[in-house]
Amino acid sequence: MPSAARSSLSLRYESARLAVLDQQALPDAERWLDGSDADAMIGHLHALRVRGAPLIGVAAALCLACLARDGADAPALHAAADRLRAARPTAVNLRWAIDRMRPALSGTPARVEAEALAIFDEDVALCDAMAAHGAALIADGEELLTHCNTGGLATAGVGTALGVVRRAWESGKKLHVWVDETRPLLQGGRLTAWELARLGIPHTLITDSMAAVVMRAGRVQRVLVGADRVAANGDFANKIGTYGVAVLAAHHAVPFHVVAPWSTVDLACADGAAIPIEQRDPAEVRGVTGRADGVGAVRWAPVATPVFNPAFDVTPGTLVTSLVLDTGVLSGAELASGALARTARA
Ligand code: MRU
């Protein structure tokens with residue numbers, strides 16, 4: 001692979017072209033789309049063809065590299081960066097990656113590309129570090145529960161929460177994973193189940209409303225989820241439904257772990273109330289919108305039914321047993337005492 005080429009489960013960058021795996025087509029089709037153009041990438045981000053907090057930052061950075069290599073000048077690159085940055089509001093990683101790209105955008109195309117590749121490489125390393133810290137928490141024989149998709153599809157590396165599961169499995173621990181299907185867009189059923197099957201990790205898909213039953217049956221020893229933004233006090237935003245899982249875990253005395261890199265921490269948010277929550281199309285709740293080509297569209301609610309469709313919820317830090325970062329593990333008590341702000345990297 002040439003040195004300026006990078007490849008992950010859902011991104012392929014080579015010769016100033018970026019291909020993205022269409023996560024809306026999974027699990028039925030592995031379809032690669034072009035993401036080298038800002039309008040195309042913004043469309044992919046809106047439609048969740050490219051999704052997952054770390055991944056959207058990495059993909060946006062690589063898109064800027066394509067634009068620079070294609071001859072866009074600094075004002076055009078900054079304008080594209082503004083538009084990419086605004087594509088999704090909750091995951092701070094998108095903003096983080098774009099802001100990190102800013103100084104390079106006034107430099108040579110080679111500099112823009114180098115910064116984007118550094119962001120890609122760093123995300124791979126962050127995932128490996130989180131996986132190592134988190135896997136140490138898991139005992140042989142445990143049954144785990146996860147929500148949404150936090151694996152190789154959602155990052156440039158092995159993933160956040162699912163990367164921990166993968167590392168524990170690869171170290172020889174016997175595991176079983178309960179996969180929340182994750183209404184309304186089914187990232188668990190479509191994507192996490194697909195990843196776990198590829199990895200050969202035993203798993204069972206459940207609807208979100210079944211998590212309580214499996215916990216009460218004593219079938220969950222640990223919950224692992226990712227985050228889209230972690231506030232200074234340990235409150236965090238993640239895929240809608242995460243808060244409910246955290247409440248259930250607390251009720252059943254099941255340890256609840258959040259796995260996220262420092263690029264997901266936003267110390268400017270004092271607490272979860274400051275995190276902007278993306279509201280999405282009511283059609284996603286009235287039925288299954290299907291793919292862009294119309295495949296799979298089904299509506300079950302009346303067409304004008306009022307809908308509440310927040311893409312994320314905020315879980316209080318008080319429900320977090322520990323936060324697994326790339327730099328180590330912070331307990332819930334440490335989060336509550338302001339450890340995140342104290343341990344922030346310069
Ligand atoms: O709307 P999505 O699919 O981008 O939401 C993704 C999540 O909520 C993940 O749990 C999160 O990004 C953290 S792990 C990569």
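Residues numbered from 1 in each chain as written. Predicted model: local features only at pLDDT ≥ 70, side-chain atom pairs only at ≥ 80, totals over all residues. Heavy atoms only, no water.

**Q** Could you clarify how one ought to interpret the overall build of the chain in this entry?
**A** In terms of regular secondary structure, the chain is built from twelve helices and 17 strands. Taking 346 residues into account, the globule formula puts the C-alpha radius of gyration at 20 Å, and the chain, at 19 Å, falls close to it. Across its three principal axes, the chain shows a C-alpha extent of roughly 60 × 50 × 40 Å. In the chain, of all internal contacts separated by at least 6 residues, the share reaching a separation of at least 24 is 73%. Carbon and sulfur atoms provide 57% of the accessible area of the chain, an area that totals close to 13300 Å². (Helix = DSSP H or I, 4+ residues; strand = E, 2+ residues; numbered from the N terminus. Rg over C-alpha atoms; globule rule 2.2 N^0.38 Å. Contact = heavy atoms within 4.5 Å. Areas by Shrake-Rupley, 256 points an atom, 1.4 Å probe, with all protein chains shown as cover.)

**Q** Just checking my understanding: could you explain the state of the cysteines for this structure?
**A** Working definition: the covalent bond between the sulfur atoms of two cysteines is a disulfide. Here the structure, examined in full by the defined rule, presents zero disulfides. Free of any disulfide, C269 has its nearest cysteine sulfur in C148, 19 Å distant. A residue is classified by how much of its surface remains accessible, and C269, at 4% relative accessible area, is buried. (Disulfide = S-S within 2.5 Å. Buried < 20%, exposed > 50% of the residue type's maximum accessible area, 1.4 Å probe, protein only.)

**Q** Which parts of the structure should I look at to understand the site of the ligand?
**A** Around the ligand there are 18 residues in total, and R51, R88, D228, N238 and K239 lie nearest to it. R51 places a polar side-chain atom, nitrogen or oxygen, 2.5 Å from an oxygen atom of the ligand. Between an oxygen atom of the ligand and a main-chain N or O atom of A53, the distance comes to 2.8 Å. When isolated, the ligand has an accessible area of 410 Å², and the protein chains bury 100% of it. For the ligand, the cavity whose grid points lie within 2 Å of the majority of its atoms is the largest cavity. Contributing elements (two or more residues each) for the shell around the ligand: α2 (53-69) and β10 (236-239). (Near = heavy atom within 4 Å. Polar contact = N/O pair within 3.5 Å; in protein donor to acceptor, adjacent residues only side chain to side chain. 1 Å grid on protein atoms, 1.4 Å probe; cavity = no way out; pocket = protein on both sides within 12 Å on 5 of 7 lines; lining within 4 Å. Sits in = over half its atoms within 2 Å of the grid points.)

**Q** Quick question: what am I supposed to make of the pattern of salt bridges here?
**A** If you walk through the whole model with that rule in mind, you get 18 salt bridges. Among the ionic pairs, R69 bridges to E113, the shortest N-O distance being 2.8 Å. With R69 in helix α2 and E113 in helix α5 (residues 109-135), this pair connects stretches of sequence that are 44 residues apart. You can call R69 partly exposed: its relative accessible area is 40%. Among the residues examined, E113 registers a relative accessible area of 7% and is labelled buried. A salt bridge links E142 to R222, with the nearest nitrogen and oxygen atoms 2.8 Å apart. Remark: R222 occurs in strand β8 (residues 222-225) and E142 occurs in the loop between α5 and β5 (143-146); sequence separation between them is 80 residues. The two residues E142 and R222 agree in class, both being buried. In the salt-bridge network here, residues are joined through shared partners; they are R88, E278, R280 and E284. (Salt bridge = Lys/Arg side-chain N within 4 Å of Asp/Glu carboxyl O.)

**Q** So what exactly am I meant to see when it comes to the packing of aromatic side chains here?
**A** Two aromatic rings, taken as a pair, are described by how far apart their centres are and by the angle between their planes. This structure, assessed with the given rule, holds one aromatic pair. Ring geometry for F236 and F256: centres 6.2 Å apart, planes at 35°, overall tilted. Here F236, found in strand β10, pairs with F256, found in strand β11 (residues 256-259); they are 20 residues apart in sequence, far enough to count as distant. The burial state of F236 is the same as that of F256; both residues are buried. Taking the ring centre of W32 as reference, the NZ or CZ of R12 above it sits at 3.7 Å. The ring of F312 carries the charged tip of K239 above its face, separated from the ring centre by 4.2 Å. (Phe/Tyr/Trp six-rings, centres within 6.5 Å; stacked < 30°, edge-to-face > 60°. Lys NZ or Arg CZ within 6 Å of the ring centre and 35° of its normal.)

**Q** Honestly, the sheet that holds β5 in this entry has me stumped. Any pointers?
**A** In sheet architecture, strand pairing relies on hydrogen bonds along the backbone and comes in two forms, parallel and antiparallel. Here we have seven strands laid out as an open sheet, ordered β7-β6-β5-β8-β11-β16-β17, and mixed in their pairing. Both outer strands of the open sheet, β7 (203-206) and β17 (328-331), are each paired with one neighbouring strand and no more. Along the sheet, successive strands turn relative to each other by an average axial angle of 25°, direction set aside. As paired elements, strand β16 (residues 322-325) and β17 share four bridges and run antiparallel to each other. When the bridges of β17 are listed, L325 appears paired with G328. In the packing of α5 onto the sheet, contacts are made with β11, β16 and β17, and the angle to β16 comes to roughly 140°. Each of β5, β6 (176-180) and β7 is contacted by helix α7 (residues 187-199), which is oriented at about 160° to β6, the strand it contacts most. (Pairing = 2+ DSSP bridges. Axes fitted to C-alpha atoms, helices over the stretch in contact; angles between N-to-C directions.)

**Q** So what exactly am I meant to see when it comes to α2 here?
**A** In an α-helix, one turn spans 3.6 residues, which is why side chains three or four residues apart end up on the same side. With 17 residues, α2 should cover 24 Å at 1.5 Å per step; its first-to-last C-alpha distance of 25 Å lies within 8% of that length. Among the 17 residues that make up α2, 16 are buried, leaving the element largely enclosed by the rest of the structure. Following α2 by one or two positions, G71 adopts a phi angle in the positive range, close to 105°. (Expected span 1.5 Å × (residues − 1).)

**Q** How should I be thinking about the environment of Y243 in this particular structure?
**A** Within the secondary structure layout, Y243 lies in helix α9 (residues 242-251). Classification of Y243 as partly exposed rests on a relative accessible area of 39%. When the C-alpha positions of Y243 and F312 are compared, they lie 9.2 Å apart, and in sequence the two are 69 residues distant. Beyond its immediate stretch of four places on either side in the chain, Y243 contacts D313, V314, T315, P316 and L319.

In short, the description is geometric, and any link to function would need to be established separately.
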